[in-house]
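Descriptive structure summary
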Amino acid sequence: MAADAKVKNHVQDIYVDENAVRRDMLLRRIGKIGLYFNPIFAYFFLWSPILVLVIFSFNRSRSVSTFTGFTLRWYNNIFNGVMGTEVGFSTQNMLLALRNSMIVSFSATIIATIIGTMIAMSLSRSNFPGKRILDAVLFLPVVIPEITQGISLAIFFNVLFGWWQSLTGQRIFPGFHTIIIAHVAFNISYVAIVVRARMANMNPRFEEAARDLGANEWQTFRYVTFPLILPGVVAGGLLAFTLSLDDFVVTFFNSGVGTTTLPVFVYGLLKLSITPEINAISTILMVISTVLIGISMLLQGRTALR
Amino acid sequence: MAYDIRLKNVVKVFSSGKHKGVVAVDNVSLDIEDGEFFALLGPSGCGKTTTLRMIAGFEQPTEGSILIRDEPMEHVPPFHRPVNTVFQDYALFPHMTVLQNIMFGLKMEGLSGDAAKQRAYEALELVRLPEVANRRPSQMSGGQQQRVALARALVKRPAVLLLDEPLGALDLKLRKQMQYELKSMQQQVGITFIYVTHDQEEAMTMADRIAVMSEGRVLQVGSPRDIYEQPQSRFVADFIGETNFISGTLESHDNGVGHVRLAQDTVVDVQMPKNFSLSSGAVTIPIRPERIGLLPNGNDSPFHNMEDITILTGHLLDSQYIGTDTRYTVKIPGDNEIVVRIQNVDYLETVDFEIGQEVQVFWSLKSTHVLDH
Ligand SMILES: Nc1ncnc2c1ncn2[C@@H]1O[C@H](COP(=O)(O)OP(=O)(O)O)[C@@H](O)[C@H]1O
Ligand SMILES: [Mg+2]
C-alpha cells in the first residue's frame, strides 16, 4: 500500500497543467509566425519602391501607374541616342555624366583606399596617445547625415578658396577636385572600418613570425600583412566605389560647371518629370552597385585568419 | 664556457590599459650555454612567454639587459637577431605553401633559386616531411604543421631556437613521440634550444637544464636531477612531481647533518644544504613518496641496523590502488601526514595492510633535505 502511494505520488509530480501547455504552444506558434513574417514585411518596405522602379523600367507605356506590357525600349533609348519625348535627355549627355562619375569614383576610391588602409593599420598595430578618440571619430562620417557633410564641405571649400584668393588674388572654382576631395573625405571611414575589421581578425603572430624570419618592416608588410589583408582592402575599395558612384548629396553641393555625375544627371531629368528612361538608368546603376557590394561582402567574409 | 644567451637582471612591466603595471618578469638572470637544451618551466602566467619574447626581440625589457653571443641586444630588432622562434600556434603563413613558408626566411636573407630550394628540402627531410612541400598549412594536421614550423625556423640555422610550448596543441601520444624527436634533432643539429613548457614531465625528459619560474621570478636553475632531488623551495618541490612536507624544528647540526625534532620523542636526521640560512628554528623536510618504505609494525625491518636510515612508527590512514603503485597515507609523529608510494610488483612478497594498522615508515638520509619555510 505504502509503496503504491509512493508511485502515484511520483507520477503526480510529473503531471503537467495541460491548459498551460496549450496556451504556451499557441503563444510559441504565434511567435514563430511573427518571426517568419517580420523580415518579409521589413524587406517588403525596403524593396518595394525599388521593385516598382525596376518593373516600370520595362513598362511598354510611358505611364508610371499602370503596367501594360514588357519592353526593352527604354534601355534601347538610353544606349542608342534616341531622344525621349522629354527635353534634356540625350545619350551623349548621359555618357558624359557617366564618364564624370567614373573619373570621380575611381580617383576617390584609390585615394580613400590608400589612406583608409593606412589609418586602419596604424589604429590596429600601434599605440599612441589619443588613439581611442581617433578610433571613435572614425565612425563619425558614417553616422553624420550626408546633407551635413555636403554642406560643411562646401562651406569649407568656400572659406579655403576665399582665403586663397585674398592671399594670391587667384580664384579657384569648384570642380572635379572638390568633388573628389569630398568623396575621399567620406569614403576614408568606410575603407578604414572594413580594413580594420580584417586586421583585428588577423593573428599578430604572422607578422611576428615574418620579423622573426628576417623580414624588416617593409618586407613584413609587403609579403605577409598586405596579402593577408588584401581581401579587406579590396572589399573596402569596392564599398567606397559604390558609395561614390551613386552619391548625390555631397556631389551636388560641391560640384562645379561640367562636372555633372550620373546621379546628379538623373536628378536633373527628374526635375522635368519621371520618365521610363530614368527608371532604366536607375535600374542599371542599382544592379552595378548591388553586384559590387555583393563582391565586397563575399571578400569580407572570406577565410579565417586566426 | 661559452654562453649563447645571457639575461642580466631582466625586468618586464606591462603598463597598458587600466592596470597600473603587471610585473610579468621580475629580475631574471640566466646564463644559457652553447648547445644546451634549456627549459623554462612554470605554471601558466609565470612569465615564460614574456621572457622568450624579450629574447626574440618582440618585447623590450623594462630593466636589465639581454646578450646573445656576448652582443647586447638592446636596440637590435627581431630580424637582426640570430634566434628563431617556433610559435605555440605555429603561425604558418596561410597564403603560402609549405615550401614558400620554409623558403621565406631564406628569401629575406637574399637567398633564392635552387640553393634555397635545396636547403628547404633538407629542412623538410630533417623533420621527416618531404612530401608535403606544395600543400597549404590548412591542409595539414597539427603534428605536420608543428614540424613545418620547426623546419621553417631551423632552415635559418639560428644560433638559438626558441620554442614556446611547441607541443601543447598535440595529443598525448604524438606529444611523446615529438618530445623524443625534438631531443634527437637538437642533438643532431647542435643548436641551443630554449624550450618553454608548463609540463614538468616534458621538461624533465628533454632538458639538460631547467629554470623553474613562478610569478615572474626564476626560483631555481639546475639539471632535472638537481631540481628533483634538491629543490630549494617549497614551490619547486611541489611543482615538480609529488612531495611530502614534514614540518619540525631544527635543533642542531653537525657535519652536514641536521637534527630535526618532529615531536617530543621523535628526532630525525636530515641532509643540510650548504649555506643553509638557519642553524635552528622551524623547518620543512620535503621527501618524495617513492623514497619512503613501508612495513607492518613489529616486523624487524631488514634495514634496522643500517646507518643513515630513519625509521618512524605511525598508522595507516588510507590506501589507494593506482595501477603501477599503491599510495598509502600514513600519520607519523608531530601531526604529519605523509604519502608513501609502493610499486606494485610480483617478485616480492606483498603485504596486505589494513586501514588503522600500526606501520613503520623508513627512508634513507640521502633522500632527505631541508627547507627554511
Ligand atoms: N602584452 C601584455 N600586456 C599586459 N600584460 C601581459 C602581456 N603579456 C603578458 N602579460 C601578463 O604577464 C604575465 C606573464 O605572462 P606570460 O609571459 O604570457 O606567461 P606564461 O607564458 O608563463 O603563461 C601574465 O600575468 C600576463 O597576463
Ligand atoms: Mg605562455
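This structure is a prediction, so every number in the text was calculated from the model and none was measured. (Residues numbered from 1 in each chain as written. Chains lettered and ligands numbered in written order. Predicted model: local features only at pLDDT ≥ 70, side-chain atom pairs only at ≥ 80, totals over all residues. Heavy atoms only, no water.)

As a further point, take the sheet that holds strand β4 (residues 63-68) of chain B. Residue and element names in this part refer to chain B. Pairing in this open sheet of four strands is antiparallel, and the strands run β2-β1-β4-β5 from one edge to the other. Strands at the two margins of the open sheet, each flanked by one partner only, are β2 (22-33) and β5 (71-72). The sheet contact formed by strand β1 (residues 3-14) and β2 spans eight bridges and is antiparallel. The residue bridging Arg-6 from the neighbouring strand is Asp-31, located in β2. In this fold helix α1 (residues 48-56) packs onto β1, β2 and β4, with an angle of close to 120° to the strand it touches most, β1. (Pairing = 2+ DSSP bridges. Helix = DSSP H or I, 4+ residues; strand = E, 2+ residues; numbered from the N terminus. Contact = heavy atoms within 4.5 Å. Axes fitted to C-alpha atoms, helices over the stretch in contact; angles between N-to-C directions.)

A few words now on the confidence of the model for chain B. Residues and elements named next belong to chain B. In the predicted model, chain B carries a mean pLDDT of 90, and the fraction of residues at 70 or more is 97%. Of all helices and strands in chain B, the one with the weakest mean pLDDT is strand β15 (residues 293-296) (88), whereas strand β3 (residues 37-41) scores best (97). Interface predicted TM-score (ipTM) for the complex: 0.84; the corresponding pTM is 0.80. (pLDDT = per-residue confidence, 0-100.)

Residues and elements named next belong to chain A. Within the secondary structure, Thr-259 sits in the loop between α11 (249-254) and α12 (262-272). By relative accessible area, Thr-259 is classed as buried at 3%. A distance of 3.0 Å separates the side chain of Thr-259 from the backbone nitrogen of Gly-256, its partner in a polar contact. Those residues within four positions of Thr-259 in sequence are excluded, and the remaining contacts are Asn-100, Gly-175, Phe-176 and Ile-179. (Buried < 20%, exposed > 50% of the residue type's maximum accessible area, 1.4 Å probe, protein only. Polar contact = N/O pair within 3.5 Å; in protein donor to acceptor, adjacent residues only side chain to side chain.)

When we look at a pair of aromatic rings, we describe it by the centre distance and by the angle of the planes. Residue and element names in this part refer to chain A. Under the defined criterion, the tally for this structure stands at 21 aromatic pairs over all chains. Between the aromatic rings of Phe-37 and Phe-41, the centroid separation amounts to 6.3 Å while the plane-to-plane angle is 40°, which identifies the pairing as tilted. Note that Phe-37 and Phe-41 are positioned in helix α2 (residues 18-56) at a spacing of four residues, about one turn of the helix. Phe-41 sits in the exposed class, given a relative accessible area of 53%. For the ring pair Phe-157 and Phe-161, a centre distance of 5.8 Å and an interplane angle of 25° mean the geometry is stacked. (Phe/Tyr/Trp six-rings, centres within 6.5 Å; stacked < 30°, edge-to-face > 60°.)

Moving on, we get to the nonpolar core. Counting 48 residues, the largest nonpolar core has B:Ile5, B:Phe93, B:Phe104 and B:Ile194 as its most contacted members. Per element, the largest residue contribution to this core is five residues, and it comes from helix α10 (residues 217-245) of chain A. Not counting residues up to four positions away in its chain, the partners in contact with B:Phe93 are A:Phe206, A:Ala209, A:Ala210, A:Leu213, A:Val224, B:Asn101, B:Phe104, B:Pro137 and B:Arg152. Residues B:Leu41, B:Tyr90, B:Leu150 and B:Ile191 belong to the second largest nonpolar core, which totals 46 residues. (Core = buried A, V, L, I, M, F, W, Y, C linked by side-chain atoms within 4.5 Å.)

With that settled, consider the pattern of salt bridges. Scanning the model with the defined rule gives 25 salt bridges over all chains in all. A salt bridge links B:Arg217 to B:Asp26; its shortest N-O distance comes to 3.3 Å. Of this pair, B:Arg217 sits in strand β10 (residues 217-222) while B:Asp26 sits in strand β2; the two residues are 191 residues apart in sequence, bridging distant segments of the chain. Here B:Lys183 ties to B:Asp208 by a salt bridge, and the two come within 3.3 Å at their closest N and O atoms. Highlighted residues: B:Lys183 in helix α5 (residues 172-189) and B:Asp208 in the loop between α6 (200-206) and β9 (209-214), separated in sequence by 25 residues. Three or more residues joined by partner-sharing salt bridges are found here, namely A:Arg205, A:Glu208, B:Lys12, B:Arg53 and B:Glu59. (Salt bridge = Lys/Arg side-chain N within 4 Å of Asp/Glu carboxyl O.)

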